[in-house]
Amino acid sequence: MKEKYSNITGIILSGGLSSRMGTDKALLKIDNQTMIERIAGVMSKVFKNILISTNYFESYRFLGLQMVEDVHRNHGPISGVHAALVASTTNKNFILSCDLPLISEEMIRYIIEYNSSKQISIPIVKESIEPLCGVYRNSLIPVIEEMMIDSTRLKKENGRSSASMKQLIEKVGAEFIETKSLPFFKDDLFFNMNSMNDYEFIKKKFAE
(Lines give C-alpha, C1' and ligand atoms only; values in the text may rest on other atoms or scores of the structure.)
Protein backbone atom coordinates (compact mmCIF):
# COMPACT_ATOMS: atom_id res chain seq x y z
CA MET A 1 0.00 0.00 0.00
CA LYS A 2 1.34 3.40 -0.97
CA GLU A 3 1.72 6.13 1.61
CA LYS A 4 -1.01 8.65 2.28
CA TYR A 5 -0.06 12.30 2.09
CA SER A 6 -0.48 14.39 5.24
CA ASN A 7 1.08 17.55 3.75
CA ILE A 8 -1.56 17.79 1.01
CA THR A 9 -5.29 18.10 1.66
CA GLY A 10 -7.76 16.27 -0.55
CA ILE A 11 -10.76 18.47 -1.37
CA ILE A 12 -14.02 17.31 -2.98
CA LEU A 13 -16.19 19.97 -4.60
CA SER A 14 -19.90 19.24 -4.50
CA GLY A 15 -22.25 22.08 -5.39
CA GLY A 16 -25.39 20.04 -4.89
CA LEU A 17 -27.58 21.90 -7.41
CA SER A 18 -26.86 19.81 -10.54
CA SER A 19 -29.36 21.82 -12.60
CA ARG A 20 -28.70 19.90 -15.82
CA MET A 21 -29.10 16.56 -14.04
CA GLY A 22 -32.31 17.49 -12.22
CA THR A 23 -31.05 15.91 -9.01
CA ASP A 24 -27.90 15.93 -6.89
CA LYS A 25 -25.53 13.90 -9.07
CA ALA A 26 -23.17 13.29 -6.16
CA LEU A 27 -25.88 11.15 -4.52
CA LEU A 28 -26.71 9.02 -7.56
CA LYS A 29 -25.87 5.39 -6.86
CA ILE A 30 -23.97 2.63 -8.57
CA ASP A 31 -24.07 -0.75 -6.82
CA ASN A 32 -25.55 0.84 -3.68
CA GLN A 33 -22.71 3.34 -3.39
CA THR A 34 -23.14 7.03 -4.16
CA MET A 35 -20.85 8.83 -6.58
CA ILE A 36 -19.42 10.98 -3.83
CA GLU A 37 -18.68 7.87 -1.76
CA ARG A 38 -16.70 6.49 -4.68
CA ILE A 39 -14.80 9.75 -5.06
CA ALA A 40 -14.12 9.88 -1.31
CA GLY A 41 -12.94 6.26 -1.44
CA VAL A 42 -10.34 7.02 -4.11
CA MET A 43 -9.23 10.19 -2.33
CA SER A 44 -8.87 8.34 0.99
CA LYS A 45 -6.26 6.08 -0.60
CA VAL A 46 -4.07 9.12 -1.27
CA PHE A 47 -4.77 11.71 1.44
CA LYS A 48 -4.95 11.52 5.22
CA ASN A 49 -7.02 14.70 5.36
CA ILE A 50 -10.12 15.09 3.17
CA LEU A 51 -12.76 17.80 3.26
CA ILE A 52 -15.89 18.48 1.25
CA SER A 53 -16.66 21.93 -0.05
CA THR A 54 -20.45 22.25 -0.15
CA ASN A 55 -23.36 24.40 1.00
CA TYR A 56 -25.49 21.32 1.63
CA PHE A 57 -24.14 19.81 4.83
CA GLU A 58 -27.13 17.56 5.53
CA SER A 59 -26.77 15.80 2.17
CA TYR A 60 -23.21 14.66 2.88
CA ARG A 61 -23.08 14.31 6.65
CA PHE A 62 -23.28 10.52 6.27
CA LEU A 63 -19.72 10.50 4.92
CA GLY A 64 -18.30 11.61 8.26
CA LEU A 65 -15.88 14.03 6.61
CA GLN A 66 -15.14 17.67 7.39
CA MET A 67 -17.37 20.03 5.40
CA VAL A 68 -16.96 23.72 4.62
CA GLU A 69 -19.44 26.14 3.08
CA ASP A 70 -18.81 29.07 0.76
CA VAL A 71 -17.61 32.29 2.35
CA HIS A 72 -18.56 34.28 -0.74
CA ARG A 73 -21.57 32.73 -2.46
CA ASN A 74 -22.97 32.84 -5.98
CA HIS A 75 -19.69 32.82 -7.87
CA GLY A 76 -19.87 29.18 -8.99
CA PRO A 77 -17.08 26.63 -8.40
CA ILE A 78 -14.51 29.30 -7.52
CA SER A 79 -16.52 30.03 -4.35
CA GLY A 80 -16.09 26.42 -3.29
CA VAL A 81 -12.39 26.42 -4.13
CA HIS A 82 -11.88 29.57 -2.06
CA ALA A 83 -13.76 28.19 0.96
CA ALA A 84 -11.79 24.95 0.85
CA LEU A 85 -8.43 26.69 0.60
CA VAL A 86 -9.33 28.90 3.57
CA ALA A 87 -10.29 25.83 5.64
CA SER A 88 -7.25 23.80 4.61
CA THR A 89 -4.27 23.57 6.95
CA THR A 90 -1.82 22.64 4.19
CA ASN A 91 -0.18 24.83 1.58
CA LYS A 92 -0.75 22.31 -1.18
CA ASN A 93 -4.24 21.01 -1.94
CA PHE A 94 -5.72 18.62 -4.48
CA ILE A 95 -9.16 19.69 -5.65
CA LEU A 96 -11.51 17.27 -7.37
CA SER A 97 -15.07 17.76 -8.57
CA CYS A 98 -17.57 15.10 -7.53
CA ASP A 99 -18.68 14.63 -11.16
CA LEU A 100 -15.48 12.90 -12.27
CA PRO A 101 -16.26 9.36 -11.01
CA LEU A 102 -13.78 7.54 -13.27
CA ILE A 103 -10.68 9.32 -11.98
CA SER A 104 -8.02 6.93 -10.73
CA GLU A 105 -5.65 6.87 -7.78
CA GLU A 106 -2.72 6.66 -10.22
CA MET A 107 -3.73 9.85 -11.99
CA ILE A 108 -4.27 11.73 -8.74
CA ARG A 109 -0.82 10.71 -7.49
CA TYR A 110 0.79 11.68 -10.79
CA ILE A 111 -0.76 15.16 -10.68
CA ILE A 112 0.19 15.88 -7.06
CA GLU A 113 3.73 14.55 -7.55
CA TYR A 114 4.31 16.55 -10.73
CA ASN A 115 7.19 18.94 -10.13
CA SER A 116 5.99 22.51 -10.53
CA SER A 117 6.57 25.82 -8.77
CA LYS A 118 3.32 27.28 -10.04
CA GLN A 119 0.30 27.93 -7.82
CA ILE A 120 -1.95 25.77 -9.98
CA SER A 121 -1.20 22.42 -11.64
CA ILE A 122 -3.97 20.86 -13.73
CA PRO A 123 -4.16 18.15 -16.39
CA ILE A 124 -4.77 18.83 -20.05
CA VAL A 125 -6.76 16.24 -21.97
CA LYS A 126 -7.33 16.36 -25.72
CA GLU A 127 -6.30 20.03 -25.72
CA SER A 128 -8.85 20.86 -23.00
CA ILE A 129 -7.90 21.71 -19.42
CA GLU A 130 -9.51 20.12 -16.36
CA PRO A 131 -9.61 23.00 -13.83
CA LEU A 132 -11.50 20.99 -11.19
CA CYS A 133 -8.94 18.21 -10.97
CA GLY A 134 -5.62 19.58 -9.82
CA VAL A 135 -3.30 21.14 -7.30
CA TYR A 136 -4.09 24.56 -5.84
CA ARG A 137 -1.89 26.34 -3.33
CA ASN A 138 -3.16 28.40 -0.41
CA SER A 139 -1.29 31.44 -1.70
CA LEU A 140 -4.19 31.80 -4.15
CA ILE A 141 -6.60 32.89 -1.40
CA PRO A 142 -5.99 36.67 -1.63
CA VAL A 143 -6.06 36.51 -5.43
CA ILE A 144 -9.45 34.78 -5.43
CA GLU A 145 -10.83 37.14 -2.80
CA GLU A 146 -9.85 40.14 -4.89
CA MET A 147 -11.49 38.57 -7.93
CA MET A 148 -14.75 37.95 -6.08
CA ILE A 149 -14.84 41.47 -4.65
CA ASP A 150 -14.39 42.88 -8.17
CA SER A 151 -16.98 40.43 -9.49
CA THR A 152 -19.54 41.47 -6.88
CA ARG A 153 -19.05 45.10 -7.85
CA LEU A 154 -19.41 44.32 -11.56
CA LYS A 155 -22.48 42.20 -10.89
CA LYS A 156 -24.17 45.18 -9.25
CA GLU A 157 -23.31 47.28 -12.28
CA ASN A 158 -24.22 44.93 -15.12
CA GLY A 159 -25.75 41.84 -13.49
CA ARG A 160 -22.96 39.46 -14.42
CA SER A 161 -20.41 37.68 -12.25
CA SER A 162 -16.90 37.65 -13.71
CA ALA A 163 -15.11 35.47 -11.16
CA SER A 164 -14.44 32.03 -12.64
CA MET A 165 -11.91 29.24 -12.62
CA LYS A 166 -10.92 30.17 -16.16
CA GLN A 167 -10.29 33.75 -15.10
CA LEU A 168 -8.21 32.60 -12.12
CA ILE A 169 -6.04 30.40 -14.32
CA GLU A 170 -5.55 33.22 -16.83
CA LYS A 171 -4.64 35.60 -14.02
CA VAL A 172 -2.00 33.53 -12.21
CA GLY A 173 -1.01 31.03 -14.87
CA ALA A 174 -0.92 27.28 -14.43
CA GLU A 175 1.16 24.19 -15.01
CA PHE A 176 -0.64 22.21 -17.71
CA ILE A 177 0.13 18.52 -17.28
CA GLU A 178 -0.01 16.33 -20.38
CA THR A 179 -1.66 13.00 -19.56
CA LYS A 180 -2.46 11.11 -22.76
CA SER A 181 0.97 9.45 -23.01
CA LEU A 182 0.84 8.03 -19.48
CA PRO A 183 0.61 4.21 -19.27
CA PHE A 184 -2.49 4.39 -17.04
CA PHE A 185 -4.30 7.00 -19.12
CA LYS A 186 -7.75 6.14 -20.47
CA ASP A 187 -9.93 8.23 -22.76
CA ASP A 188 -12.77 8.42 -20.25
CA LEU A 189 -10.67 8.98 -17.13
CA PHE A 190 -11.80 12.60 -16.94
CA PHE A 191 -15.37 11.95 -18.09
CA ASN A 192 -17.60 14.66 -16.66
CA MET A 193 -21.03 13.43 -15.55
CA ASN A 194 -23.62 16.16 -16.18
CA SER A 195 -26.74 14.47 -17.55
CA MET A 196 -28.80 11.32 -17.10
CA ASN A 197 -27.29 9.97 -20.32
CA ASP A 198 -23.86 10.50 -18.77
CA TYR A 199 -25.08 8.65 -15.68
CA GLU A 200 -26.16 5.67 -17.80
CA PHE A 201 -22.72 5.66 -19.44
CA ILE A 202 -21.04 5.64 -16.03
CA LYS A 203 -23.18 2.75 -14.83
CA LYS A 204 -22.19 0.74 -17.88
CA LYS A 205 -18.51 1.50 -17.28
CA PHE A 206 -18.67 0.22 -13.71
CA ALA A 207 -20.55 -2.88 -14.90
CA GLU A 208 -17.75 -3.86 -17.32
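This report concerns the structure included in the present document. Since the model is a prediction, treat every value here as computed from it, not as a measurement.

Quick notes on the rules
- Residues numbered from 1 in each chain as written.
- Predicted model: local features only at pLDDT ≥ 70, side-chain atom pairs only at ≥ 80, totals over all residues.
- Heavy atoms only, no water.
- Buried < 20%, exposed > 50% of the residue type's maximum accessible area, 1.4 Å probe, protein only.
- Helix = DSSP H or I, 4+ residues; strand = E, 2+ residues; numbered from the N terminus.
- Pairing = 2+ DSSP bridges.
- Contact = heavy atoms within 4.5 Å.
- Arc of directions from axis to C-beta.
- Phe/Tyr/Trp six-rings, centres within 6.5 Å; stacked < 30°, edge-to-face > 60°.
- Polar contact = N/O pair within 3.5 Å; in protein donor to acceptor, adjacent residues only side chain to side chain.

Quick look at helix H1 (residues 35-44)
For H1, the tally of buried residues reaches seven of 10 residues, placing the bulk of the element in the interior. Those residues of H1 lying buried are Met35, Ile36, Arg38, Ile39, Ala40, Val42 and Met43.

Points about the pairing of strand S6 (residues 92-97)
Among the six residues of S6, six are classified as buried, and the element is accordingly described as predominantly covered. The alternating pattern of S6 places Lys92, Phe94 and Leu96 and Asn93, Ile95 and Ser97 on opposite faces, both of which are buried. With six bridges joining them, strand S1 (residues 8-13) and S6 adopt parallel strand pairing. Across the sheet, the residue bridging to Ile12 is Leu96, located in S6.

Some words on the environment of Leu100
Here Leu100 is to be found in the loop between S6 and helix H4 (105-113). Apart from residues lying up to four places away in sequence, Leu100 is in contact with Ile39, Glu130, Leu132, Cys133, Phe190, Phe191 and Asn192.

Section: helix H6 (residues 165-172)
Residues of H6 that are buried: Met165, Leu168 and Ile169. Seen end-on, H6 carries its buried residues on one side only, within an arc spanning 95 degrees. In H6, the exposed residues that point more than 90 degrees away from the buried face are Lys166 and Glu170. Downstream of H6 by a residue or two, Gly173 has a phi angle that is positive, lying close to 80 degrees.

Looking at the packing of aromatic side chains
Evaluated as defined, the whole model comprises four aromatic pairs. Between Phe47 and Phe94, the aromatic rings sit 5.9 Å apart at their centres with planes inclined by 20 degrees, giving stacked as the arrangement. Of the two residues, Phe47 is situated in the loop between H1 and strand S4 (50-53) and Phe94 in strand S6; the sequence distance between them amounts to 47 residues. One exposure class covers both Phe47 and Phe94, and it is buried. Aromatic pair Phe191 and Phe201: ring centres 4.6 Å apart, planes at 45 degrees, arrangement tilted. In this pair, Phe191 sits in the loop between strand S10 (175-178) and helix H7 (196-207) while Phe201 sits in helix H7, placing the two residues 10 residues apart along the sequence. With relative accessibility at 22%, the residue Phe191 sits in the partly exposed group. Taking the relative accessible area as the measure of exposure, Phe201 reaches 30% and is therefore partly exposed.

Focus: the side chain of Thr34
Along the chain, Thr34 turns up in strand S3 (residues 33-34). Here Thr34 is in contact with Ala26, Leu27, Leu28, Lys29 and Phe62, once residues within four sequence places are set aside.

Topic: the side chain of Asn138
Along the chain, Asn138 falls in the loop between strand S9 (133-137) and helix H5 (141-158). Residue classification places Asn138 among the buried residues on the basis of a relative accessible area of 17%. For Asn138, the side chain forms a polar contact with the main-chain oxygen of Leu85, separated by 3.3 Å. Polar contacts involving the side chain of Asn138 include one to the side chain of Asn93, which spans 2.7 Å. Excluding residues that lie within four positions of it along the chain, Asn138 makes contacts with Leu85, Ser88, Thr90, Asn91 and Asn93.

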